[in-house]
Amino acid sequence: SENKRLLEQIIQSDIISFAYPNGQPQQDYDARCIEVLQRVGYKYAVTTSAGTIANTDDPFQLPRLNLWRRDYWGVRLQLLRYYRTTGRTL
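Just so it is clear, the model here is predicted, and its values are computed rather than measured.

**Thoughts on the overall build of the protein chain**
Per the secondary structure count, the protein chain includes three helices and three strands. Helices and strands appear in the protein chain in the N-to-C order α-β-α-β-β-α. Computed over C-alpha atoms, the radius of gyration of the protein chain comes to 16 Å, more than 25% over the 12 Å expected from 2.2 N^0.38 for 90 residues, which places it beyond the range of a compact globule. The principal-axis extents of the C-alpha atoms in the protein chain amount to approximately 45 × 30 × 25 Å. Within the protein chain, the proportion of its 90 residues that are buried is 23%. Working note: accessible area of the protein chain is about 6800 Å², and carbon and sulfur atoms make up 52% of it.

So this is what it looks like as structure tokens:
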């Protein structure tokens, strides 16, 4: 909470999001971490679990899709692989 307060002071704006370091559920964070984030005023947090966000997702355990390829066909290939493994579209 102290880091959040200091950063908000420096940038003169509220910080509402958090990214878990490493970010694997039950390995890098747990319910206690989520409670702390809620208590200090974060509105949502992202994990490193691959995925896209659905309306039913827990706002403190949002997946993200890491598109690391920079070329057109590489990104398309990543999206296709994601769709084939999850059935979810962007």
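**A word on the nonpolar core**
In this structure, Ile-15, Tyr-20, Tyr-29, Ile-34, Leu-37, Tyr-42, Ala-45 and Phe-60 together form the largest nonpolar core, which totals eight residues. The contact partners of Ala-45, leaving out residues within four places of it in the chain, are Phe-18, Tyr-20, Leu-37, Pro-59, Phe-60, Gln-61 and Leu-62.

**Side note on the pattern of salt bridges**
Summed over the entire model, instances satisfying the criterion amount to three salt bridges. When the shortest N-O distance is used, the salt bridge between Glu-8 and Lys-4 registers 2.5 Å. Of this pair, Glu-8 and Lys-4 both sit in helix α1 (residues 2-11), four residues apart, roughly one helical turn. In this structure, Asp-30 and Arg-32 form a salt bridge, with 2.7 Å as the shortest nitrogen-oxygen distance.

Cut-offs applied
- Residues numbered from 1 in each chain as written.
- Predicted model: local features only at pLDDT ≥ 70, side-chain atom pairs only at ≥ 80, totals over all residues.
- Heavy atoms only, no water.
- Helix = DSSP H or I, 4+ residues; strand = E, 2+ residues; numbered from the N terminus.
- Rg over C-alpha atoms; globule rule 2.2 N^0.38 Å.
- Buried < 20%, exposed > 50% of the residue type's maximum accessible area, 1.4 Å probe, protein only.
- Areas by Shrake-Rupley, 256 points an atom, 1.4 Å probe, with all protein chains shown as cover.
- Core = buried A, V, L, I, M, F, W, Y, C linked by side-chain atoms within 4.5 Å.
- Contact = heavy atoms within 4.5 Å.
- Salt bridge = Lys/Arg side-chain N within 4 Å of Asp/Glu carboxyl O.

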